[in-house]
Amino acid sequence: MSLITPTILLINYGDFEKNFLQAIARDVDQEFHLPVSVEEGTTDLEPYFDSIRRQYNANGILKSMDSDSPSRYLKQLGLFRVDLFIPILTYIFGQALLNGPSGIASLYRLRNEVYGMAKDEDVLRERFTKVVIHELGHAFGLVHCHHPACVMRSSTYVEDIDQKSRHFCSQCRITLEKVLP
Amino acid sequence: MAHKISILIVDDEESVRDSLFNWFREDGFVVECAEDAQKALSILESRNFDIILADIRMPGMDGLEMQRRIKALNKDSIIIIMTAFASVESAVRALKDGAFDYITKPFDPDDLSHLIRNATKQISLEAENEALKEKVISLENIDDVIGNSKAVIKVLKEVETVAKSSSSVIITGESGTGKELIAKAIPSNSKRKYFPLVSVHCGALTESLLESELFGHEKGAFTGAMYTRKGRFEMADGGTIFLDEISTISPKMQVELLRVLETKSFVRVGGNKEVSSDFRIICATNKDLMKMVKKGTFREDLYYRLNVVNITVPPLRDRKEDIPLLVDYFIKKYCTSMSRNLVTIEAPALKRLEEYDYPGNVRELENMIERAIVVGDQKEIRIRDLPFEKNAAVSSVESLDDMEKVHIQQILTKYSWNISRSAKALHVDRMTLYNKIKKYDLKSPL
C-alpha cells in the first residue's frame, strides 16, 4: 500500500541558502495550493558530467532520481546549480516528464552574469521560481501553453522567462485543478 | 477540436529519441519514435504524420534514402533532417531532394522550436489554401438559380431548409434543368460552406476509374499509379460530395457506396488503411430511382439512405414565366464572357422562345442564346438568329440531296461565301465544295 503525502518536495542539491529556497517554496505553495517541503539532498553528479560538452546530462540525473527509493511525496523536484543538457539540445533550464514523479531545475543559465550583465538576486529568484513551477506543471501533466503570460509558456531563452508570469493562465489552472488532490 | 500536429522521430540513438519525445510531448504534439528507417517506413504505411524528423546517418538505410521513399509514399510530407556538423553536405542534398529543412545536432532549443513552428505554419497554410481554393472554385450562390416562378421559389425554399442539416439529398429532374446548380446552392448556404464541394460525374467514368476516383489509390495499386492519390471522399472531408448521374453506378459500386455511407470510412484502392471522412452527400439523377429499385437495378437500401430529402427541379416548360429572366441572364453572361456590348432581344424572338417546349430544358435555352449572340448582328437578337426557322426549313425538305443543299447554302451564307472557310466548316476540300455549288446551282447574293 503506498503512503503518498499530498505534498510537493523540493530537494536542495545545489547548496542553496535556506531563505532563498523558503521564498521559492512559498511561491510554489501559492500556485499549487499544496504544502511544500524542502529537504537537503546529496548526489554524486560525476557520472552525468560530459567532459566534451562540459555540461551535465539531465536525462541521467532525472533517471537516478526516479530510480531512488520511491518518493513519499506527490511530486519531487531537484534543484541544481550546474549547466544541464540533454543529448539533442545545447542546454536546458529544467526537465520533467509529463505526469512523471520527478523533475529537475537548474539556476546555472538563469544568472545575469552568464549573459554579461550585473548580478541581480531578485531577478534570479523570480526566474528560478518560474522554472520550478513550470517543471512541476509538466509533472502534473500540463503541456506548453500559448498564453503569453502563462508560466507554462515554452521558454528557450532567459528573456522568455522574464516575459511570462509565475502564474498559470485560467485554462491551465482549470486543467491543473482537475488533477490536484 | 483543433487538429493536433503529429511528429515521427527517426533516430538510432535512444537518448536522442527519448529527449525529443519528451520535448515535443511537452509542447502538446502527438509523438511516435522509430529506431531505424525500416521501422519508420512500416509505421508510415499504416498512418500519416504531419512532420518527420529524421537523422541523416543511421545503420542500414540512411536518412536520404528514407526521405526518397517517404516522398514516394506521400510527396507532401514535411521532413526535417537532423545532422552532425560533418554531414552538412548531405543535409544540403536532402534539401534539394525536398526536405523541409535541416538542423545540426545538438540543437539550440530555440532553433528547434522555431523550426517546428515554421513547419506547423506551413501545414496550416497548406490546409487553408486547399480550403480557400475549393471555396473559390465551387462556391455557388443561391442567386445563381434564376427565376421567380412558384416552382423555382418552392425549390429555393427546400434548399434553404435542407442546407441547415447534414442529411443526404437526391435532386431529381430532367436533363438540363439545373440540378448541379441546386446541388451547389445547398452547401454554399450551410455550415459546410468553407469546406470543399467535390463533384463527381459518375456517368463519365468506368467502374474501376470511379472506384479509384472516389476512394483514391495507393502507389502501385495498378499500372500507372506512381503516387498515392487521395480520393474524392477524402477530399470532401468537412464538406460535401456531389455525385451526379448516380443511377449509372454499377451494382458493385452501389455496395461500396452503401458501406461508406454507413461507416464514413473506406480503404484506398490497393491499400489496407482505413481512412475516415466527414462528408455530406448530395446526388442527382434524371432517372426514376424508385422504378429502378422495383426493377432490381438499384439497391433499395442505398436508395433509402440517399433519399433522406428529395428535391425535384421542374422542367422549363412548367415554369415558362421564368424565360424572360433566364434570357436576360444568359445574354449578360455570354456578352460579358465574349467581351461584347450587351445585346437586346426583339419582342417576336422572345415570344417565340416563350412558346417553345424545351425538351433540353434550361441548357437548351442557354445554348440558343449563346448561338444567337455569336451569329447575330451584335445589337439585337432577332427571330432569324434562333434555330427555329432553320428547323422549319429543314423539316420542309425530304430527300438527302435537298437537305445537303439547304445546309451548304446556310454555311455559305454564314461565312459570306468565303469558300475556304465554308469548306473548312463543312469538313470538305474547296474542290468538293465548288462541285456541290455547281451541282445544286447555288448562287452568291453578290
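Residues numbered from 1 in each chain as written. Chains lettered and ligands numbered in written order. Predicted model: local features only at pLDDT ≥ 70, side-chain atom pairs only at ≥ 80, totals over all residues. Heavy atoms only, no water.

**Focus: the overall build of chain B**
How we decide: Secondary structure elements follow DSSP: runs of H or I no shorter than four residues count as helices, runs of E no shorter than two count as strands, and numbering proceeds from the N terminus. The buried label applies to any residue whose accessible area, calculated with a 1.4 Å probe on protein chains only, is under 20% of its type's maximum; exposed applies above 50%, and partly exposed to all values in between. We get accessible surface area from the Shrake-Rupley algorithm with a probe of 1.4 Å; when it comes to residues, only the shown protein chains can shield them.
For chain B, the count of helices and strands is 19 helices and 16 strands. Here chain B, with 446 residues, has 45% of them falling under the buried criterion. Total accessible area on chain B is roughly 23,300 Å²; 52% of this is exposed by carbon and sulfur atoms.

**Re the interface of chain A and chain B**
Defined as follows: Residues are treated as being in contact if the distance between any of their heavy atoms lies within 4.5 Å. Once two parts are joined, some of their accessible surface, as seen by a 1.4 Å probe, is lost; buried area is that loss totalled over both. Under this definition, polar contacts are N or O atom pairs within 3.5 Å; protein pairs additionally need one hydrogen-donor-capable and one acceptor-capable atom, and for neighbouring residues in sequence, both atoms have to be side-chain atoms. Put simply, Ala, Val, Leu, Ile, Met, Phe, Trp, Tyr, Cys and Pro go in the nonpolar bin, Asp, Glu, Lys and Arg in the charged bin, and everything else, Gly too, in the polar bin.
Taken residue by residue, the interface counts 17 residues in chain A and 19 residues in chain B. When chain A packs against chain B, close to 1,700 Å² is buried across both sides, 60% of that on carbon and sulfur atoms. Linking chain A to chain B there are 6 residue pairs in polar contact (both at pLDDT 80 or more). For the side of chain A that touches chain B, the per-class residue count stands at 10 nonpolar, 6 polar and 1 charged.

**Structural notes on the packing of aromatic side chains**
The cut-off we apply is this: In summary, the pairing rule links any two rings of Phe, Tyr or Trp, Trp by its six-membered ring, whose centres are within 6.5 Å, and it sorts them by plane angle into stacked for under 30 degrees, edge-to-face for over 60 and tilted for everything else. We count a charge as sitting over a ring when the NZ of a lysine or the CZ of an arginine lies within 6 Å of the ring centre and within 35 degrees of the ring normal.
Tallying each qualifying case throughout the model produces 16 aromatic pairs over all chains. Here a set of aromatic residues connected by ring pairs shows up, and it is made of Phe215, Phe233, Phe266 and Phe279 of chain B. Its guanidinium or amino end placed over the ring of Tyr108 of chain A, Arg111 of chain A lies 4.8 Å from that ring's centre, counting from NZ or CZ. Across the ring face of Phe49 of chain B, the terminal group of Arg47 of chain B is positioned such that the distance to the ring centre comes to 4.1 Å.

**With respect to the environment of Pro324 of chain B**
Residue and element names in this part refer to chain B. Within the secondary structure layout, Pro324 lies in helix H13 (residues 323–337). On the basis of relative accessibility, which here comes to 31%, the residue Pro324 falls in the partly exposed class. In this structure, the C-alpha to C-alpha distance between Pro324 and Leu353, residues 29 residues apart in sequence, is 8.8 Å. With near-sequence residues (within four places) excluded, Pro324 lies in contact with Leu350 and Glu354.

**What to know about helix H15 (residues 361–375) of chain B**
Where we set the bar: Given the number of residues in a helix, its expected span is that number minus one, multiplied by 1.5 Å.
Along its 15 residues, H15 of chain B runs 22 Å from first to last C-alpha, staying within 8% of the 21 Å computed at 1.5 Å per residue. For H15 of chain B, the full list of buried residues reads Asn361, Val362, Glu364, Leu365, Glu366, Met368, Ile369, Ala372 and Ile373 of chain B.

**As for the side chain of Gln55 of chain A**
Residue and element names in this part refer to chain A. Summarising the element assignment, Gln55 is placed in strand E4 (residues 55–57). Among the polar contacts listed, one links the side chain of Gln55 to the side chain of Arg53, at a separation of 3.2 Å. Polar contacts involving the side chain of Gln55 include one to the side chain of Asp83, which spans 3.2 Å. Sequence-distant contacts of Gln55, defined by excluding residues within four places in its chain, comprise Tyr48, Phe49, Asp50, Asp83, Leu84, Phe85, Thr90, Tyr91 and Arg109.

**As for the confidence of the model for chain B**
Residue and element names in this part refer to chain B. Rules: The pLDDT value tells you how sure the predictor is about a given residue, anywhere from 0 up to 100.
Overall, the predicted model of chain B reaches an average pLDDT of 84, with 91% of residues at or above 70. Across residues 133–141, confidence stays below pLDDT 50; counting only partners more than four residues off in sequence or on other chains, it has 15 contacts. With pLDDT under 50 throughout, residues 391–395 is counted as low confidence; its partners more than four residues away or in other chains account for 1 contact. Note on the complex model: pTM 0.50, ipTM 0.73.

**Here we look at the pattern of salt bridges**
Applicable threshold: Salt bridges are defined as contacts in which a side-chain nitrogen from Lys or Arg sits within 4 Å of a carboxyl oxygen from Asp or Glu.
Counted under the stated rule, the structure contains 33 salt bridges over all chains. Note that Lys105 of chain B and Asp55 of chain B form a salt bridge whose closest N and O atoms lie 3.4 Å from each other. Of this pair, Lys105 of chain B sits in the loop between strand E5 (101–104) and helix H5 (109–138) while Asp55 of chain B sits in strand E3 (residues 51–55); the two residues are 50 residues apart in sequence, bridging distant segments of the chain. In the salt-bridge network here, residues are joined through shared partners; they are Asp27, Arg125, Glu126 and Arg166 of chain A.

**Notes on the packing of helix H1 (residues 18–32) of chain A against helix H3 (residues 121–139) of chain A**
Pairs of packed helices are described in terms of their axes, by the angle between the two and the distance that separates them. Residues and elements named next belong to chain A. Stated formally: All axes here are fitted lines through C-alpha atoms, helices being fitted over the stretch that makes contact, and every angle between N-to-C directions spans 0 to 180 degrees. To sort the angles, those under 35 degrees are grouped as roughly parallel, those over 145 as roughly antiparallel, those from 65 to 115 as roughly perpendicular, and the leftovers as oblique. Each helix crossing is assigned a hand: it is left-handed if the near helix lies turned anticlockwise from the far helix by less than a right angle, otherwise right-handed if that turn is clockwise.
Direction vectors running N to C along H1 and H3 enclose 45°, while the axes themselves pass 10 Å from each other. If you check the angle between H1 and H3, you find them oblique. For the element pair H1 and H3, the recorded crossing hand is right-handed. Residues Phe20, Ala23, Ile24, Asp27, Val28, Glu31 and Phe32 of H1 touch H3, and the partners they reach there are Glu121, Arg125, Phe128, Thr129, Val132, Ile133, Leu136 and Gly137. Of the residues assigned to the contact of H1 with H3, the class counts are 9 nonpolar, 2 polar and 4 charged.

**So, a negative patch on the surface**
For the record, the criterion: Grouping into patches uses exposed residues only, defined as over 30% relative accessible area, and leaves out salt-bridged ones; the cut-off is 9 Å for like charges and 5 Å for nonpolar side chains (Val, Leu, Ile, Met, Phe, Trp, Tyr). Charge counting follows a simple rule: Lys and Arg are positive, Asp and Glu are negative, and His as well as the terminal groups are ignored. Taken as the charge location is NZ of Lys, CZ of Arg, CG of Asp or CD of Glu.
A cluster of acidic residues, Glu17, Glu113, Asp120, Glu121 and Asp122 of chain A, forms a negative patch on the protein surface. Take Asp120 of chain A: it is sitting in the loop between strand E9 (102–106) and H3.

**Concerning unusual backbone geometry**
Most peptide bonds take the trans configuration, and most residues that are not glycine carry a negative phi. Here Lys105 of chain B and Pro106 of chain B are connected by a cis peptide whose omega angle stands at -15°. Positive phi, close to 55°, is recorded for Arg54 of chain A, a residue that is not glycine. When you line up the elements, Arg54 of chain A lands in the loop between strand E3 (49–50) and E4. Phi at His427 of chain B is positive, roughly 60°, even though this residue is not glycine. In this fold, His427 of chain B is placed in the loop between helix H18 (419–426) and helix H19 (430–439).

**Things to note about the sheet that holds strand E5 (residues 73–80) of chain A**
All names here are of chain A. The criterion, for reference: A pair of strands is treated as paired once DSSP finds two or more bridges between them.
Strand order across the open sheet formed by 5 strands is E2-E1-E5-E9-E8, with mixed pairing between neighbours. Either end of the sheet is taken by a strand with one partner, and the two such strands are strand E2 (36–40) and strand E8 (94–96). Neighbouring strand axes in the sheet, compared pairwise and without regard to direction, differ in orientation by 20° on average. Judged from the 3 bridges that link them, E8 and E9 form a sheet pairing that is antiparallel.

**Focus on helix H10 (residues 251–263) of chain B**
Residue and element names in this part refer to chain B. Let me state the cut-off plainly: Each direction from the helix axis to a C-beta atom contributes to the arc, which is the arc of those directions.
An ideal rise of 1.5 Å per residue puts 18 Å on 13 residues; H10 measures up with 19 Å between its terminal C-alpha atoms. Burial in H10 covers these residues: Met253, Gln254, Leu257, Leu258, Val260 and Leu261. An end-on view of H10 places all buried positions within 165° of arc, on one side of the element. Where H10 is buried, its residues meet helix H8 (207–215), helix H9 (232–235), strand E10 (240–244), strand E11 (265–267), strand E13 (280–285) and helix H12 (300–306).

**Here we look at the nonpolar core**
The nonpolar side chains of a soluble globular protein tend to be buried with one another. Rule in force here: Definition of nonpolar core: a set of buried residues of the types Ala, Val, Leu, Ile, Met, Phe, Trp, Tyr and Cys, connected through side-chain atoms within 4.5 Å.
The biggest cluster of nonpolar side chains holds 40 residues, and the ones touching the most others in it are Leu20, Phe24 and Leu112 of chain B. Here this core gets 5 residues from one element, more than from any other, and that element is H5 of chain B. Among residues more than four places away in sequence, those in contact with Leu20 of chain B are Ile88 of chain A together with Ile9, Leu53, Met82, Phe107 and Leu112 of chain B. Counting residues in hydrophobic clusters, the runner-up holds 37 residues, among them Phe32, Leu77, Leu124 and Cys150 of chain A.

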